[in-house]
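Here's the letter readout for the chains.
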Amino acid sequence: MSRRRRSGRPISGILLLDKDPGGSSNAALQSAKRLFEARKAGHTGSLDPLASGLLPVCFGEATKVSGFLLDADKTYWVRARLGEKTATGDAEGEITETTAVGLPDEDTLQQCLAGFLGEQDQIPPMYSAIKHQGKRLYELARAGIEVEREPRRIRVDEFRLVDADDTSFALRIRCSKGTYVRTLVEDLAERLGTLAHVTALRRLAVGPFEEAGMVGLEALTQQRDADGLGALDSHLLPVASALNHWPSVTLDSASQFYLERGQPVQVPQAPASGWVRICDAADTLLAVGEVMDDGRIAPRRMFQARGA
C-alpha cells in the first residue's frame, strides 16, 4: 500500500510572524501555513490570546529547530492597570479585587524593580496550560478548582520601567523560558502594596530574533494578492539563522560521510562541551550536534541541505 503524499509546498525557513492580539497562536500558525501553502509548519511557543508580537513560524526543515527556540530567552513589553486584580491576571478575566491606586516614589520603585533581577522561583498561575493529573490548569480554574502548584525556576535579566501614570505602568522584561509575565506583574504590584493586571502584552524578541523583521498576516495577504504566492518566500529566514549564536564546526568529506550515517565524529579544535552547528566546507548546515564526554560530536538533528 503506497503512502499518501502530504499536500502543500515543501518549503523550509523561519517566518517572523507579528501575531495580532485577540486570537490564538495556533490560529495564527494555521493562517500562515495556508497563506504560504506550506506542507509542514509549527510555532515556537504560544502567546496568550491577548498578546501580540513575535511568533516565529517554522516551515519544513525549520521545525527541527523549533524546540531550541521554545527554550530560548524572550523579551516583552507589557502594560498593566493599577488597583485591580483579575482571575486570569490579565484583562480577559473578571475583576476579583480592587484597592487604592498609586505608585511609590522613584527610588523605592527602582529598588523594587531591581529585586526581580536574577534567578528566582515562580509559582505558575492557575490560568495556564500546565497539566495537573492529566488536566490543564486553566480547565480546573474555569471549574472553580484551585490546586497547589510547584514553583519553577526562572531568570529575569531585564525588568525596566518604560513609563507610568496614575492608573498604569509599562515594563520591558527579558526573561528565561517558562516565565509568566502576568505573575511578574502581580508580584510586583504586591511588593508595591497595590494590585495590578496585564492589559497589553507584546513579545519583542525570541532568542536571536527581534521585532525588526516581523510581518503581519494582513501584510502577507496583501502581498500575495498583489505579487503572487512566490513573493512571500522573501520573508523566510534560513534554518541556520535560529542557531547563529551557537559555535560552528566544519567537517571534511570523510567525516561528513560518517555523520550522515548517524555516527559521532571527531572534529579538530571543536568546543569541549555543549551544542554546535555542524557544517560542510561550503558552510551549509548539515546537522546540530552535541559534544560527547570523549570529545566526539554526535548528530542530534540532521537537515536536508536544500532546506537549511
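Residues numbered from 1 in each chain as written. Predicted model: local features only at pLDDT ≥ 70, side-chain atom pairs only at ≥ 80, totals over all residues. Heavy atoms only, no water.

Q: Even after reading the chapter, I still don't get the UniProt feature "domain: tRNA pseudouridylate synthase B C-terminal" (unreviewed entry) in the protein chain, so can you show me in this structure?
A: When the UniProt feature table is mapped onto this chain numbering, "domain: tRNA pseudouridylate synthase B C-terminal" (unreviewed entry) sits at residues 182-243. For residues 182-243, the helix share is 34%, the strand share is 24%, and the end-to-end C-alpha distance is 29 Å. (UniProt positions renumbered as here; feature names shortened; annotations may be inferred. Helix = DSSP H or I, 4+ residues; strand = E, 2+ residues; numbered from the N terminus.)

Q: Got a minute to help me understand the sheet that holds strand β18 (residues 297-302) in this structure?
A: Paired through their backbone hydrogen bonds, the strands of a sheet run either parallel or antiparallel. In space, the four strands of this open sheet follow the order β15-β16-β17-β18, with mixed pairing throughout. On the outer flanks of this sheet lie β15 (248-250) and β18, each paired with one strand and no other. For this sheet the average axis-to-axis angle between neighbouring strands, irrespective of direction, equals 40°. Pairing geometry for strand β17 (residues 285-291) and β18, over five bridges, is antiparallel. Pairing of V288 across the sheet is with R301, part of β18. (Pairing = 2+ DSSP bridges. Axes fitted to C-alpha atoms, helices over the stretch in contact; angles between N-to-C directions.)

Q: How do you make sense of the pairing of strand β11 (residues 168-175) when you look at a structure like this?
A: In the case of a regular strand, side chains alternate between the two sheet surfaces. In terms of burial, β11 is largely enclosed, as six of its eight residues are buried. In the sheet, strand β4 (residues 74-82) pairs with β11 via eight bridges, with the strands oriented antiparallel. Bridge pairing links Y76 to I173 in β11. Strand direction decides the pairing type here: strand β10 (residues 152-164) and β11, joined by seven bridges, are antiparallel. In the sheet register, D163 faces β11, and the bridge partner there is A170. Between β10 and β11, which pair antiparallel and follow one another directly, the connecting turn spans three residues. (Buried < 20%, exposed > 50% of the residue type's maximum accessible area, 1.4 Å probe, protein only.)

Q: Would you take a moment to explain the confidence of the model for the protein chain for this structure?
A: The predicted coordinates should not be examined in detail at positions where pLDDT is low. Overall, the predicted model of the protein chain reaches an average pLDDT of 91, with 97% of residues at or above 70. Within the protein chain, no element has a lower average pLDDT than helix α4 (residues 137-142), which sits at 79, and none a higher one than strand β14 (residues 215-216), at 98. (pLDDT = per-residue confidence, 0-100.)

Q: How do you make sense of the state of the cysteines when you look at a structure like this?
A: Throughout this description, disulfide means a covalent bond between two cysteine sulfur atoms. By the definition in use, this model includes zero disulfides. Not part of a disulfide, C58 finds its nearest cysteine sulfur in C279, a span of 18 Å. No disulfide involves C112; its sulfur sits 17 Å from that of C175, the nearest cysteine. A residue is classified by how much of its surface remains accessible, and C112, at 11% relative accessible area, is buried. (Disulfide = S-S within 2.5 Å.)

Q: Help me out: how do you make sense of the layout of surface pockets in this one?
A: Empty space among the atoms can be located by rolling a probe the size of a water molecule over them. By volume, the largest pocket amounts to about 1100 Å³. Forming the walls of the largest pocket are 34 residues, and the residues nearest its centre are S46, D48, A129, Y180 and R182. Secondary-structure elements contributing two or more residues to the lining of the largest pocket are α1 (25-36), β4, α4, α5 (181-191) and β12 (196-206). For the lining of the largest pocket, a count of residues per class yields 12 nonpolar, 11 polar and 11 charged. Forming the walls of the second largest pocket are 24 residues, and the residues nearest its centre are K85, T86, A87, R149 and E186. With five residues, the single largest contributor to the lining of the second largest pocket is α5. (1 Å grid on protein atoms, 1.4 Å probe; cavity = no way out; pocket = protein on both sides within 12 Å on 5 of 7 lines; lining within 4 Å. Points joined across faces, edges and corners; volume = space filled by probe spheres on them. Nonpolar A, V, L, I, M, F, W, Y, C, P; charged D, E, K, R; others polar.)

Q: Please clarify how unusual backbone geometry should be interpreted in this entry.
A: Phi at E37 is positive, roughly 50°, even though this residue is not glycine. Within the element layout of this structure, E37 appears in the loop between α1 and β2 (41-43). You can call E37 partly exposed: its relative accessible area is 35%.

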